[in-house]
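A look at the structure
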Amino acid sequence: MMEGNLWLLDTVGVIPKNAWAIDPFGHSATMAYLLQRMGFKNMLIQRAHYEVKKALALEQNLEFIWRQSWDSENSSDIFCHMMPFYSYDVPHTCGPEPAVCCQFDFWRMPRYGGALRCPWHLDPVETAPDNVQERATKLLDQYRKKSTLYKSNTLLVPLGDDFRYTSLEEAELQFRNYQALFDYINSHPELKAQVHFGTLEDYFSSLRDEVESGGDNRHDAPKFPSLSGDFFTYADRVQDYWSGYYVSRPFYKAIDRVLEESLRAAEILFFLAQAYCQANDYHSFPLSFGKELVNARRNLALFQHHDGVTGTAKDHVVVDYGTRMHNSLSELQSFMAASVGALLNKDSPGVCDADQLSFFQPEQSRTSHDILALKKFVDVASGNTIQVVLFNPLEETVEQVITILVNSSAACLVDSNWASVSSQVSPDWTQGTSYLVTGRHRLQWQASIPPLGFQTYFILSSKDNAYCNQAVLSKLKIYNADKDFICPPPYKCSLETVETIRINNEHLTLSFASRSGMLQDLKSHKDGSHTNLVEDLCLYSSRGGAYLFLPQGQATSIVDADGLILVTEGPMMQEVSTIPNTAFDHTPVIRSARLFAGNSVQSLILEMEYHVELLDSTFNNKEIITRFKTDINSGKVFYSDLNGFQTIRRETYDKIPLQGNYYPMPSLAFLQDPEGRRFSVHSRQAVGVASLNNGFLEMMLDRRLTRDDDRGLGQGVLDNHPTNVVFHLLVESNISSLLTGSSSAPRLPSLLSHRVGSQLNYPLHAFLRKPKHLPDAQAEAKSLMPKWKVGLVPWASTFPCDLHLVSLKILRPLQFLNAATSKELQFGLLLQRRGWDPSYCKKGGTDCRTLANGSFDLSDVLTGLTTSQIRKSSLTFLHEDLQVRGYIEQLHRKQITGVSKRKIPIDLKPMEIQAFKFALKHVR
């Protein structure tokens, strides 16, 4: 939206005020909030459940004020018009009778429309003097009937459809016929109607004029109701619920999120690198990357199309989407690697020269748009020393167990002070539905990376470095192995037969059934409590397509006894990998459950990774889920997120079919019982979720469908790719009695839950430097960490943990492609104050502070930078309102010395996002 709105202003001089969304398959309350905060005044939507439309129409409530359930001041209200009928094409927009309305789609006349004809066998006819009265009154009758569904006398009648007005002939035909009808109606006052062509802005302006004037009697002015909530799950007829697209083509849904988080990280590094390079009179980097940055923004935005990220496009269109995202992701990774090189080698000559920035390479890369990311491995067997740089794109310190592949188990690790770091190694199993090893090893250690900062380590061979402690070999325990299983050297494997498998860390103990490998129980060490978490993998048989989920009965388990189980135990990470025994020749899924060491956010969760392969006809018309049966008394109620911004209550109803009880889960779902015990599942990509029984939570992983479901795609979904779906599971208990309000009141994630989601969806980025011999590496280590004052580490450390840095980006990078420029670079900053549930741990399980009384000082963020023209803005950075809450006096000034002497308080209420624009000059 930011990129598109800036493009509109710069290209055609237009700032849109009205939103038009007639084809998304359901509508989110988050979009209403974002649109209002972007400066939009009105919005129009179409696809909502037919029963919802009927209920609203009966009370003339199809136009309403869309209100956020958490906004007690109603400051984010936006006016919304809902179209009343089945579709947005001409037969379904002039009135309630499509057979009549189709007669006024003149392009469907036999001599023009070709295959596009009216299915009711009543063709349009050319408007002529001898039929204009009959035609005009017939059309006006439809308009009058439609108008009874709304409160006002102003009526909107769209006139179009997909793939229309592709020729001037069609446009002139429609205009000529309608103008003749309008002229007749307008010239006959006894019809008591005036009809005109107009824009969406014309409609909303006319409606507002009617409301504000009230006609002859102020009490006659229509009064619109307020509405809170969303419009999921969408159904257009009978039991046809559009819940299948929630997980169609999950591979590309995952790529979408990787591109989104990589773009955010690259934008931050762009700002950081630009601040340093500009201060040192270098102008070729990073400004030379502006075109690639814009392309990434636009390719990501393109995929947000309602047939893009939804997985409902034709195969060749999906390939185009995927190729665009892959190309942008590769360019972003190359840029980030170059930025790391510039920032960590600031004293090298020409360090801001783009042609010389080839110090680092990203630790992960993709060779094609349709394969999973490949991790590069570090060659320690040759005796070289490899520098690893970790970049943390979050505003909080991140402590995590890091995993890097090496080609020898004889590896060790030192930090930037050349102190030995404890680590472990374990086999790297193949990313497939077998247990083969790659011959490489996972080197893992605990790292702490400062906010928006870097941390550096060196990987060495332990054979010739006595001062460097060799990585601990993990213990391997094998269950249900066949006679062909070979233990990978140099590890020792023990064949186990115990009934229950347990792994643990400082906070949690997990129990698994040794016959199936499925999770059974989670124990918290803090209070000794147990939570039943009975895991299962199931398949639905389906007759749906890309859009519709149409299960044929309940899902059935595919897990039989005696599946191969590989248990890895070490001081950094413990893991249970299960290759389930199924009735299929090749199991469709492998599940890996992991616990990590430490006293961090990561150590408080259970990581569940599902490697899914629905790759052949064996799985045609099958949909695979993971299901957790808990002892949480949730009563068929659960909560899921809307766009990662807010959560909403969901309830399972017996009166609607199973598919209608599935909801979108972009990133989070949780169950909660009356005592406050909560089970949360965070997702790294969008999936579908349901709670079909008390205490149950299931997530759809993938689907393979041969049928077209007759919603416009014209094909099934058979282009499945191997996919990794990652969840982070969190069990919490409330620590106070603040659980008040009705059961329907909004529930917020805990502060810890917010941090879990952030660290999952905005992960660390690792970069590898080309091999160096040991003496060179030791000498370089002394000057690795950035000492310059613009390094985001100092100011980012002031962020409270309920304040999220949504974005920090250059606004118009294409204006600065021509090397040196005297213009000040305009940047945009987006901050969000998270809404969180205070009845859970106030510090999110770790040490952090929260905002006090809703205030934060922007000068803390910009410490060390010379900025000018700091001002509040809409979320698209197009509307400036400096008179809101005294911002003129506080923000309208120009900084000279580089260090702000004045406070810049920000009034941020829970849930709110605020935008600021500023110009970056130079670093002191």
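To be clear, the structure that these remarks concern was listed above.
This section reports on the structure supplied with the text. Model, not experiment: these values are computed from the prediction.

**Brief notes about the sheet that holds strand S5 (residues 226–227)**
The strand order across the open sheet formed by five strands is S1-S2-S4-S3-S5, and the pairing between neighbours is mixed. Each edge of the open sheet is held by one strand with a lone partner, namely strand S1 (18–21) and S5.

**Structural notes on the layout of surface pockets**
In this structure, the second largest pocket encloses a volume near 750 Å³. Around the second largest pocket sit 32 residues that line it, and Gln 36, Arg 37, Ser 75, Lys 872 and Glu 912 are the ones nearest its centre. Secondary structure elements with two or more residues in the lining of the second largest pocket: helix H2 (29–38), strand S4 (78–82), strand S44 (865–873) and strand S46 (913–923). Ranked by the residues each element gives to the lining of the second largest pocket, the list is headed by S46, at three residues.

**Some words on the packing of aromatic side chains**
All told, the structure shown has 39 aromatic pairs when counted by the stated rule. Taking 5.0 Å as the distance between ring centres and 55° as the angle between the ring planes, the aromatic pair formed by Trp 418 and Phe 458 counts as tilted. On the criterion of sequence distance, the pair formed by Trp 418 in the loop between strand S14 (411–415) and strand S15 (420–421) and Phe 458 in strand S18 (residues 454–461) is long-range, its members being 40 residues apart. Classification of Trp 418 as buried rests on a relative accessible area of 15%. Note on Phe 458: relative accessible area 1%, which makes it buried. Their ring planes at 20° and their centres at 5.0 Å tell us that Tyr 639 and Phe 670 sit as a pair that is stacked. With Tyr 639 in strand S32 (residues 637–642) and Phe 670 in strand S35 (residues 668–672), this pair connects stretches of sequence that are 31 residues apart. Each member of the pair, Tyr 639 as well as Phe 670, carries the same accessibility label: buried. A network of ring pairs unites the aromatic residues Phe 25, Tyr 234, Trp 242, Tyr 245, Tyr 246 and Tyr 547 as a single cluster. Note that Lys 655 overlies the ring of Tyr 653, its terminal NZ or CZ placed 5.5 Å from the centroid.

**Some remarks on the packing of helix H10 (residues 290–303) against helix H11 (residues 315–344)**
Their axes nearest at 9 Å, the elements H10 and H11 cross at an angle of 145°. By crossing handedness, the relation of H10 to H11 is classed as left-handed. In this structure, H10 contributes Glu 292, Leu 293, Asn 295, Ala 296, Asn 299, Leu 302 and Phe 303 to the contact, and H11 contributes Tyr 321, Arg 324, Met 325, Ser 328, Glu 331 and Leu 332. Its residues placed into classes, the contact of H10 with H11 shows seven nonpolar, three polar and three charged.

**Notes on the environment of Leu 548**
Its place among the elements puts Leu 548 in the loop between strand S25 (530–541) and strand S26 (556–557). Apart from the residues lying within four places of it in its own chain, the contact partners of Leu 548 are Asp 240, Tyr 241, Trp 242, Gly 244, Arg 703, Asp 709 and Arg 711.

**Brief notes about the packing of helix H9 (residues 250–279) against H11**
The interhelical angle for the contact between H9 and H11, taken along N-to-C directions, is 30°, at an axis separation of 9 Å. When the axes of H9 and H11 are compared, the pair comes out roughly parallel. Once H9 is placed against H11, the crossing between them reads as left-handed. Grouping the amino acids of the contact of H9 with H11 by side-chain chemistry returns 19 nonpolar, four polar and one charged.

**Section: the state of the cysteines**
Scanning all chains against the criterion turns up four disulfides. The disulfide that involves Cys 94 links it to Cys 101, with 2.0 Å between the sulfurs. Between Cys 94 and Cys 101, the S-S torsion sits near -90°, and that sign places the bridge as left-handed. By relative accessible area, which is 3% here, Cys 94 ends up buried. Take Cys 101: its relative accessible area is 0%, and that puts it in the buried class. In this model, Cys 412 is linked to Cys 468 through a disulfide, with the two sulfur atoms separated by 2.1 Å. Residues Cys 412 and Cys 468 are joined by a disulfide whose S-S torsion is about 125°; by sign, that bridge is right-handed. Of this pair, Cys 412 sits in strand S14 while Cys 468 sits in the loop between S18 and strand S19 (472–473), and the two are 56 residues apart along the sequence. This pair shows no difference in class: Cys 412 is buried, exactly as Cys 468 is.

**Notes on empty space enclosed by the protein**
Evaluated as defined, the whole model comprises four cavities of 30 Å³ or more. Computed from the structure, the largest cavity encloses a volume of approximately 60 Å³. In terms of lining, the largest cavity is formed by Arg 249, Pro 250, Phe 251, Tyr 252, Asp 702, Arg 703, Val 717, Asp 719, Asn 720, His 721 and Thr 723. Among the secondary structure elements, those contributing two or more residues to the lining of the largest cavity are H9 and strand S38 (696–704). Of the residues forming the lining of the largest cavity, the biggest block, three residues, is contributed by H9. Of the voids in this model, the second largest cavity is the one considered here, and its volume is about 50 Å³. Forming the walls of the second largest cavity are Ser 69, Trp 70, Gln 646, Thr 647, Pro 746, Arg 747 and Leu 748. When grouped by side-chain class, the residues that make up the lining of the second largest cavity number three nonpolar, three polar and one charged.

Rules behind the numbers
- Residues numbered from 1 in each chain as written.
- Predicted model: local features only at pLDDT ≥ 70, side-chain atom pairs only at ≥ 80, totals over all residues.
- Heavy atoms only, no water.
- Pairing = 2+ DSSP bridges.
- Helix = DSSP H or I, 4+ residues; strand = E, 2+ residues; numbered from the N terminus.
- 1 Å grid on protein atoms, 1.4 Å probe; cavity = no way out; pocket = protein on both sides within 12 Å on 5 of 7 lines; lining within 4 Å.
- Points joined across faces, edges and corners; volume = space filled by probe spheres on them.
- Phe/Tyr/Trp six-rings, centres within 6.5 Å; stacked < 30°, edge-to-face > 60°.
- Buried < 20%, exposed > 50% of the residue type's maximum accessible area, 1.4 Å probe, protein only.
- Lys NZ or Arg CZ within 6 Å of the ring centre and 35° of its normal.
- Axes fitted to C-alpha atoms, helices over the stretch in contact; angles between N-to-C directions.
- Left-handed = near helix turned anticlockwise from the far one by under 90°.
- Contact = heavy atoms within 4.5 Å.
- Nonpolar A, V, L, I, M, F, W, Y, C, P; charged D, E, K, R; others polar.
- Parallel < 35°, antiparallel > 145°, perpendicular 65-115°, else oblique.
- Disulfide = S-S within 2.5 Å.

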